[in-house]
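Notes for the structure review
Each chain is listed here by its residues.
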Amino acid sequence: MLNKNKNVYELALERLDIVFREFETICVSFSGGKDSGVLLNLCMEYIRRHCPGRKLCVFHMDYEIQYRHTIEYVDRILEANKDILEVYRVCVPFKVATCTSMFQNYWRPWDEDMKDIWVRPMPTACMTHEQFPFYTADMWDYEFQMHFAKWLHQKKDSTRTCFLIGIRTQESFNRWRSIHLNRKYQMYHNYRWTSKIGSDLYNIYPIFDWKTVDIWTANGKFKYDYNHLYDLYYMAGVNIERQRVASPFLCEAQDSLRLYRAIDPNTWGKMIGRVNGVNFTGIYGGTRAMGWQSITLPKGYTWKGFMHFLLSTLPEETRRNYLHKLTVSIEFWRTKGGCLSDATINRLRALNIPIEVMGSTNYKTTKHPVRMDYLDDINIPEFREIPSYKRMCICILKNDHACKYMGFTLTKDEMYKRDQIMKQFKNINL
């Protein structure tokens, strides 16, 4: 049992003690961001102190389009520690989600058909899709990660393999959920910072309880090398909680995409012709034009009518995607109901909005399931919890193809696909 009276650094070291003692193959997922960077530094420091001669695997998914500082940091830290690292730097044209375009919901890094407009040359000593027999053209980046884990476990012929992932619950609810709620696939010896993804194959989150200030305290106290892009973010006035190194085309990055123009203008110039909608998002990301701030309803429209107008401007496949998710959501609220707090229920009743409050739910919550029809709009603090056509309009303006802003869960097809992937790894006998 780990000592809860220790600070997060000491707890992380205790977790690494367990990891290096229990697992034969250890691989760090390294993006070049602050969290995975600190985790990699912790692991390398641990090896040099406690198990010299042991190799640490590093898995880096190179997305082609990144800040120059991120690429330089990745190159620098891998080269400086090559004596103890076994590097798997993959340059693969898997599908990657994008919210910059209404015409496409994904793009492909290192797409051979666009080689003449790649943002930068493919790095030397990288691994391409020809080296991974499991790769298919329909594979998303997150699917590739799962298959890579199985591939490495088999390649090493290990007794037990783990992937160390530098996510922290402070960063987002989804990250909190991945640690605390995703217990469907078991843990390793009941350690809550582990998750089983296959036979003798685990994801491990050694710094899940760290805060942003802990990351920068560790970098300063132990003189860790870090991505100096964060220095530029700081000078640009970006709050430290919003400084992230991720795909520049995700919904969460729309507001900061324009920073590429100032921080890395050469990359920005190449990005414009590489992925659809980049320039528009760089100009209008974070504005009303893309569903940010306070959007206003055009004169003569209801929000439902404006939603149908927006849908009419979209390509057929994109329009069908939004309508399908909307249909599923409408049916859900009419039949099962969403869980709302007593305070929210009282506000709805005070506004004379027709609702049906049911007594129980299968979810572990103190909230109550509430059946109701979609509203056009509502002005209450819990706006994002209530189904409304205004929220759907915001999704469309954001090019949020997955409707994350709506809080939509996966569709049945998406859940089936996810569960089949997890079932595949869970039943592997190696």
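To start, this report covers the structure provided alongside it. For clarity, every value in this text was computed on a predicted model and none was experimentally measured.

Notes on helix α4 (residues 141-156)
A rise of 1.5 Å per residue sets the reference length of α4, with its 16 residues, at 22 Å; its end C-alpha atoms lie 22 Å apart and thus fit the reference within 8%. Here α4 has its buried residues at Asp 141, Glu 143, Phe 144, Met 146, His 147, Phe 148, Ala 149, Trp 151, Leu 152 and His 153. Just downstream of α4 lies Asp 157, where phi reads positive at about 50°.

Description of the side chain of Glu 64
On the secondary structure map, Glu 64 appears in the loop between β2 (56-61) and α3 (68-80). Reaching out from Glu 64, the side chain makes a polar contact with the backbone nitrogen of Trp 110 at a distance of 2.8 Å.

Brief notes about the nonpolar core
The biggest cluster of nonpolar side chains holds 43 residues, and the ones touching the most others in it are Val 19, Phe 20, Leu 40, Leu 42, Leu 56, Leu 164 and Trp 210. Those elements that provide at least two residues to this core are α1 (8-22), β1 (25-29), α2 (34-50), β2, α3, β6 (161-165), β8 (201-204) and α6 (212-222). Apart from the residues lying within four places of it in its own chain, the contact partners of Val 19 are Ile 26, Cys 162, Leu 164, Trp 193 and Ile 204. Ranked by size, the runner-up nonpolar core spans 33 residues in total, among them Trp 303, Trp 333, Ile 345 and Ile 396.

Some details on the sheet that holds strand β10 (residues 356-357)
Across the sheet, 3 strands lie side by side as β9-β11-β10; this open sheet has antiparallel pairing. Lying at the two open borders of the sheet, with one neighbouring strand each, are β9 (338-340) and β10. As paired elements, β9 and strand β11 (residues 368-371) share 3 bridges and run antiparallel to each other. Of the residues in β11, the one forming a bridge with Leu 340 is His 368.

About the cut-offs
Residues numbered from 1 in each chain as written. Predicted model: local features only at pLDDT ≥ 70, side-chain atom pairs only at ≥ 80, totals over all residues. Heavy atoms only, no water. Helix = DSSP H or I, 4+ residues; strand = E, 2+ residues; numbered from the N terminus. Expected span 1.5 Å × (residues − 1). Buried < 20%, exposed > 50% of the residue type's maximum accessible area, 1.4 Å probe, protein only. Polar contact = N/O pair within 3.5 Å; in protein donor to acceptor, adjacent residues only side chain to side chain. Core = buried A, V, L, I, M, F, W, Y, C linked by side-chain atoms within 4.5 Å. Contact = heavy atoms within 4.5 Å. Pairing = 2+ DSSP bridges.

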